[in-house]
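Residue strings, one per chain:
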Amino acid sequence: MENEAALKSAVESDGSMSVVLGQDKLERDFNRATEFMKSVAGNLGKDKLLYFYARFKQATQGKCNIPRPGMFDFQGKQKWDAWNGLKDMSKEEAMKEYIASMNEVDPEWIIKVKGQKSSLGLGVGVSTMVPDLEEELSQLTPSAFQRQAYPVTNARSRQRKKGPHSLRWCKNG
């Protein structure tokens, strides 16, 4: 008990206890904001989701440390560009910007999540785009490697009169 009291007074006398407490509050608020993101991600635009994604990655992993995705990974490139654009931003600054932006999205978000128990991990819902948008994008930009059906004729059907059985459909591959 004496050691705890001595440690507490020593820590408080040099002011570092307030720094530790401030850091804990920042991380706690950041974790709450990431949890709240799950409930609002569907209502946000792509640019706002990328903004949150970049700050989340910067706050949890630091500076972008992966190579840029390939040319056919359009969503991956957008996410990488957003994260890499933050360069040397500190983890604390990224957390502060994430929280500040959450305040713009919903000024009462902290009240809505304060009493709720946080789940383990950070479990953020911004690592992928909104499902409808992702599906829509995949339909607009089909991969060159996807299987596609096409009509095929064989030598025997070309010799016969053209009729309903002269074409058959097969899948590539």
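What counts and what doesn't
Residues numbered from 1 in each chain as written. Predicted model: local features only at pLDDT ≥ 70, side-chain atom pairs only at ≥ 80, totals over all residues. Heavy atoms only, no water. Salt bridge = Lys/Arg side-chain N within 4 Å of Asp/Glu carboxyl O. Helix = DSSP H or I, 4+ residues; strand = E, 2+ residues; numbered from the N terminus. Buried < 20%, exposed > 50% of the residue type's maximum accessible area, 1.4 Å probe, protein only. pLDDT = per-residue confidence, 0-100. Contact = heavy atoms within 4.5 Å.

**Points about the pattern of salt bridges**
All chains considered together, the criterion is met by seven salt bridges. One salt bridge connects Arg55 with Glu97, and the closest N-O pair in it is separated by 2.8 Å. Note that Arg55 is positioned in helix 3 (residues 46–61) and Glu97 in helix 5 (residues 91–105), a separation of 42 residues in sequence. Given the relative accessible area of 11%, Arg55 is considered buried. The salt bridge involving Arg68 is made with Asp81; its shortest N-O contact spans 2.9 Å. One end of the pair, Arg68, is in the loop between helix 3 and helix 4 (74–84); the other, Asp81, is in helix 4, and 13 residues separate them in sequence.

**A few points about the confidence of the model for the protein chain**
Overall, the predicted model of the protein chain reaches an average pLDDT of 73, with 53% of residues at or above 70. Note that residues 1–20 has pLDDT below 50 and, in this model, three contacts with residues that lie over four places away or in other chains. Contacts of residues 120–125 to residues separated by more than four positions or lying in other chains number 15 contacts, the stretch itself having pLDDT below 50.

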